[in-house]
Amino acid sequence: MINSIKELPAEELVYGSMACAGCGGNLALRLALKVLGKNTVVVTTASCLMGVTTFYPQLAFGVTCVTSVFPGTGAVVSGVVAGLKRKGREDVNVLGFVGDGGTVDIGLQALSGAMERGEKFIWLCYDNEAYMNTGTQRSGATPYGAITSTTPGGPNEMWENRPKKDMLAIAVDHGIPYVASASIAYPDDYIKKIQKAMQAPGPAYIQVLAPCPPGWGHATSQTVAMGRLAVQTGIWPLAEHEQGEFRFTHRPVNRKPVGEYLNQQGRFAHLSPETVSAIQADVDAKWDKFNSGCGF
Amino acid sequence: MFERKFINGNAAVAHAVRMIQPEVIAAYPITPQSTIVEKVAEFIAQGELDAEYIKVESEHSALAACFGAVSAGCRVFTATSSQGLAYMCEMLPYVSGNRMPMVMAVANRGMAAPWTIWGDHQDSVSMRDQGWIQLYVENAQEAFDTCLQAYLLSEDSAVRTPVMVCLDGFVVSHTDELVELPDLQAVQQFLPTYQPLYSIDPATPFTFSIGVAPDRYMEYKYSQQLGMDAALHLIPQISARFAAIFGREQAGLIDAYRCADAEYVLVTMGSVTGTARVVADKLRSSGLKTGVLKVRSFRPFPSKALVEVLSQVKGIGILDRNYSFGNQGALGTEVKAALAGNTAQQQIINFIAGLGGRDIKPSDLELMYQKIVQAVELDTVAQPVEFIGLRG
Ligand SMILES: Cc1ncc(C[n+]2csc(CCOP(=O)(O)OP(=O)(O)O)c2C)c(N)n1
Ligand code: SF4
Ligand SMILES: [Mg+2]
């Protein structure tokens, strides 16, 4: 068991990626592959991270990577798992590495099929809360109040008016052995979860919050800070659901006000104090549920 | 050695799959294809075929799963029809662009709306430009034979292109006929186990299906054409080899029936070909020099072989069970393009018939021949694209 990032191997299995400075998704991928090691196949799809790692000649993966269509990653994963089984290579880790759009929206059907079939694979959703690759359009994972390029600000208040789709609960409801939320700002927690996913006897789903400086509107130096604030304000709880048991892996003692997180990001800059209070009330209600014993 | 079974086209395909022994199968039910994958599942359940059967939740996923399994180095199989093929559309060029060997059976069915379960070629013909080889068969035996040949073709190192084996919905898929099934050994002698060029191996990591800039993209597309060129060359050779081993003549790229001295030829694809031959025979006995030219390989399109047969023919009818709205039938366009520059004086009519499963009766075919003869006699074509069998 690797308990800390200090114990991670120095070797990079994603190297030469063209991601922006401060890309949370790139960090999530690098860390995950350091844990998973070389005996891994990455299946990825249309997304920022595919764009910045698989564009010839600057191929950034030090492990095998299979890219495919945006809605189909879950099925490609199943095909790879079945194929490797035929070839007697069930020892290989199969990692679906997919954005929030490719997970909660267009890829949901194929992912649902794969989870239901129960094959052994890890699905790592790096969640930057919008379609970043195509220019920060909203996704089902975009949080309430956010401005994106398809939910713009302006007098008609078109900003995102629906809550973030609860993919963690959807994954749990598929009855898979391991579901976890994670953050690039809590790498020790994250790498432990990757290892649990590796050990899971079937599908493992991890959703890692991955701040995106251009999409969220914060400085490239603030990626980790934003990730940390999301957890400290209680907006993004760190927890896991393992073999039917839910537990927090990190519990903020005194939750910070959500404004501390929202106020530092361009996408929330338009929010009135009333809206910030409404978001605070939502987060509080969510924690009331957690405190009364509810899981994801 | 062979066994004779009274089975339909779908069962013939399933038996072919049993002998071809794909390692991974992923498919989703749709009429008139469903009984193929039901039968394949039954073979696996009965222990007659050893394959991973991925129970996918859609056709898009069926082809995506096959794509994943080919990446892992496996021989795969899938099948679909109509709306299912349309749903797969996004995956089709992903498979062909990656030069992945694969065979898919398409039990042809018209496209909604209006919704229909009956056969025409609109589904596969509208996928013509997705980089897949397309072979059209006319009966259950040819469906069986062509599946075997399709794998050899698709897996050939110079071809490496996926193949659709297209059989007419119901007329072929659901009509029982006597089919000769060879024994497994003969099939294995004809079709060796699949040797992938590249496959997933953690010891030698590759990135499969990369992105490229304009300075490289065209070369990839050109290489796909080279694969098609190789297929054009290989299809007749594979058919000849098949005939030598199994003792049944095969169509190759095209099948020319009584065309050698023919003055009037009807160009067809699929199951209508058999009826057309009967009609041509009948007209021959009344003194008309009629022939039938079946196109088995629609992609690659056998322009040269076609022109060799048709260059001296006086009147040509091209029968399409599909339609490119705003123009004409797809086969019509292709045959005319192949004949462009041919100096002989010819009259050509593109007939559209049999859409959405409408019967093409012998009398319809006779009418087509009459129209060709008339055009030759008048030295002009009154209507270059004509729907036959419309309700009055
Ligand atoms: C079928 C299809 N529709 C649309 C696209 C365009 N597209 C490419 S990436 C992308 C958004 C990706 O969003 P997400 O999965 O959240 O990953 P991110 O880029 O945000 O990291 C879209 C809409 C596509 N490639 N395929
Ligand atoms: S836009 Fe965001 S997600 Fe995309 S590479 Fe840049 S930082 Fe990463
Ligand atoms: Mg995203």
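None of the values given here were measured: they were computed from a predicted structure.

## Notes on the packing of aromatic side chains
Using the criterion set out here, one finds 20 aromatic pairs over all chains in the structure. Ring centres of F248(A) and W287(A) lie 5.3 Å apart, and the angle between their planes is 15 degrees; this geometry places the pair in the stacked category. Highlighted residues: F248(A) in strand β10 (residues 245-250) and W287(A) in helix α11 (residues 273-291), separated in sequence by 39 residues. Under the relative-accessibility criterion, F248(A) is labelled buried at 15%. Arranged with centres 6.1 Å apart and planes meeting at 85 degrees, the rings of Y136(B) and F298(B) form a pair that is edge-to-face. Taken as a pair, Y136(B) in strand β6 (residues 133-136) and F298(B) in strand β13 (residues 297-299) lie far apart in primary sequence, 162 residues in all. Each member of the pair, Y136(B) together with F298(B), is buried. Over the aromatic face of F43(B) sits the side chain of R18(B), whose NZ or CZ is 5.3 Å from the ring centroid. A cation over an aromatic ring shows up here: R299(B) above the ring of F298(B), its NZ or CZ 5.3 Å from the ring centre.

## With respect to the site of ligand 1
Every one of the 17 residues lining ligand 1 counts as a neighbour, but C48(A), G101(A), Y126(A), A130(A) and M132(A) are closest to it. Neighbouring residues of ligand 1 are distributed over chains A and B. Measuring from an oxygen atom of ligand 1, one finds a side-chain N or O atom of D100(A) at 3.0 Å. A distance of 2.8 Å is found between an oxygen atom of ligand 1 and a backbone nitrogen or oxygen belonging to M132(A). Calculation on ligand 1 without its partners gives an accessible area of 580 Å², and the protein chains cover 76% of this total. With three residues, the single largest contributor to the shell around ligand 1 is helix α4 (residues 100-105) of chain A. Residues that form the shell around ligand 1 fall into these classes: eight nonpolar, seven polar and two charged.

## Focus: the domain arrangement of chain B
Residue and element names in this part refer to chain B. Each assigned domain of chain B is listed here: domain 1 (2-246) and domain 2 (254-387). The straight-line distance from the C-alpha centre of domain 1 to that of domain 2 is 28 Å. With 27 residues of domain 1 at the contact, the number on the domain 2 side is 26 residues. Taken together, the connections running from domain 1 to domain 2 amount to six salt bridges. Notably, a salt bridge pairs E138 with K294, separated by 2.9 Å at the nearest N-O pair. Linking domain 1 with domain 2 are 17 residue pairs in polar contact (both at pLDDT 80 or more), by the criterion used here. For the side of domain 1 that touches domain 2, the elements supplying multiple residues, two or more each, are α6 (122-125), β6, α7 (140-155) and α9 (214-246). Counting residues per element, the side of domain 1 that touches domain 2 draws most heavily on α9, at five residues.

Calculation notes
Residues numbered from 1 in each chain as written. Chains lettered and ligands numbered in written order. Predicted model: local features only at pLDDT ≥ 70, side-chain atom pairs only at ≥ 80, totals over all residues. Heavy atoms only, no water. Phe/Tyr/Trp six-rings, centres within 6.5 Å; stacked < 30°, edge-to-face > 60°. Helix = DSSP H or I, 4+ residues; strand = E, 2+ residues; numbered from the N terminus. Buried < 20%, exposed > 50% of the residue type's maximum accessible area, 1.4 Å probe, protein only. Lys NZ or Arg CZ within 6 Å of the ring centre and 35° of its normal. Near = heavy atom within 4 Å. Polar contact = N/O pair within 3.5 Å; in protein donor to acceptor, adjacent residues only side chain to side chain. Areas by Shrake-Rupley, 256 points an atom, 1.4 Å probe, with all protein chains shown as cover. Nonpolar A, V, L, I, M, F, W, Y, C, P; charged D, E, K, R; others polar. Domains from an automatic or database assignment. Contact = heavy atoms within 4.5 Å. Salt bridge = Lys/Arg side-chain N within 4 Å of Asp/Glu carboxyl O.

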